[in-house]
Amino acid sequence: MMAELNADKIRRAAPGDVPACARVVHDWATQTDWMPDELPVDELAKLISDAFDSREMWVAGDPVDCYMSLDPAQNKIGALYCSRTGQGIGKRLVDKAKEGRNFLWLTTHRPNTAAQRFYRREGFEVTAEEPPVPPDTVPVYRMEWRA
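What you are looking at is a predicted structure, and each value in this text was computed from that prediction instead of being measured.

Novice: Can you walk me through the packing of helix α2 (residues 18-30) against helix α3 (residues 41-51) in this structure?
Specialist: When two helices pack together, their arrangement is given by the angle between the helix axes and the distance between those axes. Interhelical geometry of α2 versus α3 gives an angle of 120° and a closest axis separation of 8 Å. Classified by the interaxial angle, the pair formed by α2 and α3 is oblique. Where α2 crosses over α3, the two elements pack in a sense that is right-handed. On the side of α2, the interface is formed by V18, P19, C21, A22, R23, V25 and H26, while α3 contributes V41, L44, A45, I48 and S49. For the contact of α2 with α3, the per-class residue count stands at nine nonpolar, two polar and one charged.

This is the structure:
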C-alpha cells in the first residue's frame with residue numbers, strides 16, 4: 001500500500017531525479033513511431049540538468065516515471081512526460097502548474113493527437129502552429145490556457 005501511494009505522489013524534483021526524467025523522455029521518444037531518433041539519455045539529462053535551477057520540475061512515481069518541467073518566467077510547460085497514462089497523474093501535474101497562475105502555454109508535437117485531446121480537456125486551445133525548435137525536428141502547435 002505504501003509503495004502504491006508513493007507511486008502516485010507528486011513532488012518537486014531533486015537533482016538526483018534528473019537521470020530518471022531523461023529516461024522517461026527518451027523512452028517516450030523511442031516508443032513513438034512518428035518521433036525521430038531522440039538524443040541519448042546522457043545528453044537529455046544534461047539539458048534537463050542545465051535548466052534545473054531556472055525551472056519548477058515535478059515528478060511522480062517510485063521509481064520516477066512521470067515528469068513535468070515548468071518555466072515560471074514564461075508560464076510555459078516545457079515538458080510533460082508520463083510513462084503511465086490514463087491514471088490522472090498528467091492532470092494532477094497540469095493542475096500543479098496552474099496553481100497561482102491565470103495563464104500557461106506549451107507546445108505539443110503536431111502528430112501527437114492524444115496529447116492535444118488531453119490538453120483540450122484541461123482547457124488549453126491551439127493558438128498557432130510553430131516550426132520545431134532544435135534539437136526537435138517535428139512541427140508543433142502552441143496551446144494556451146487562461147483561467
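Novice: Please explain the side chain of K98 as it appears in this structure.
Specialist: Inspection of the secondary structure puts K98 in helix α4 (residues 89-98). Although K98 lies buried, it forms no salt bridge, and the closest oppositely charged side chain, E122, sits 4.0 Å away as judged by the N-O distance. Setting aside chain neighbours within four positions, we find K98 in contact with L104, E122, F124 and W145.

Novice: Before we go on, may I ask you to explain the packing of aromatic side chains in this structure?
Specialist: Here the distance between the centres and the angle between the planes together describe a pair of aromatic rings. Tallied over the entire structure, the rule returns four aromatic pairs. Residues F118 and Y119 carry aromatic rings whose centres are separated by 5.1 Å and whose planes lie at 65° to one another, so their mutual orientation is edge-to-face. Comparing F118 with Y119, the two get one shared label, buried. Here the aromatic cluster, defined as three or more aromatic residues joined through ring pairs, consists of W28, W34 and Y81. A cation sits over an aromatic face here: R12 above W58, 5.1 Å from the ring centre. Lying over the aromatic face of W105, R142 brings its terminal NZ or CZ to 3.9 Å of the ring centre.

Reading the values: the criteria
- Residues numbered from 1 in each chain as written.
- Predicted model: local features only at pLDDT ≥ 70, side-chain atom pairs only at ≥ 80, totals over all residues.
- Heavy atoms only, no water.
- Axes fitted to C-alpha atoms, helices over the stretch in contact; angles between N-to-C directions.
- Helix = DSSP H or I, 4+ residues; strand = E, 2+ residues; numbered from the N terminus.
- Parallel < 35°, antiparallel > 145°, perpendicular 65-115°, else oblique.
- Left-handed = near helix turned anticlockwise from the far one by under 90°.
- Contact = heavy atoms within 4.5 Å.
- Nonpolar A, V, L, I, M, F, W, Y, C, P; charged D, E, K, R; others polar.
- Buried < 20%, exposed > 50% of the residue type's maximum accessible area, 1.4 Å probe, protein only.
- Lys, Arg positive; Asp, Glu negative; His and termini not counted.
- Salt bridge = Lys/Arg side-chain N within 4 Å of Asp/Glu carboxyl O.
- Phe/Tyr/Trp six-rings, centres within 6.5 Å; stacked < 30°, edge-to-face > 60°.
- Lys NZ or Arg CZ within 6 Å of the ring centre and 35° of its normal.

No statement about biological role is implied by the geometric values presented.
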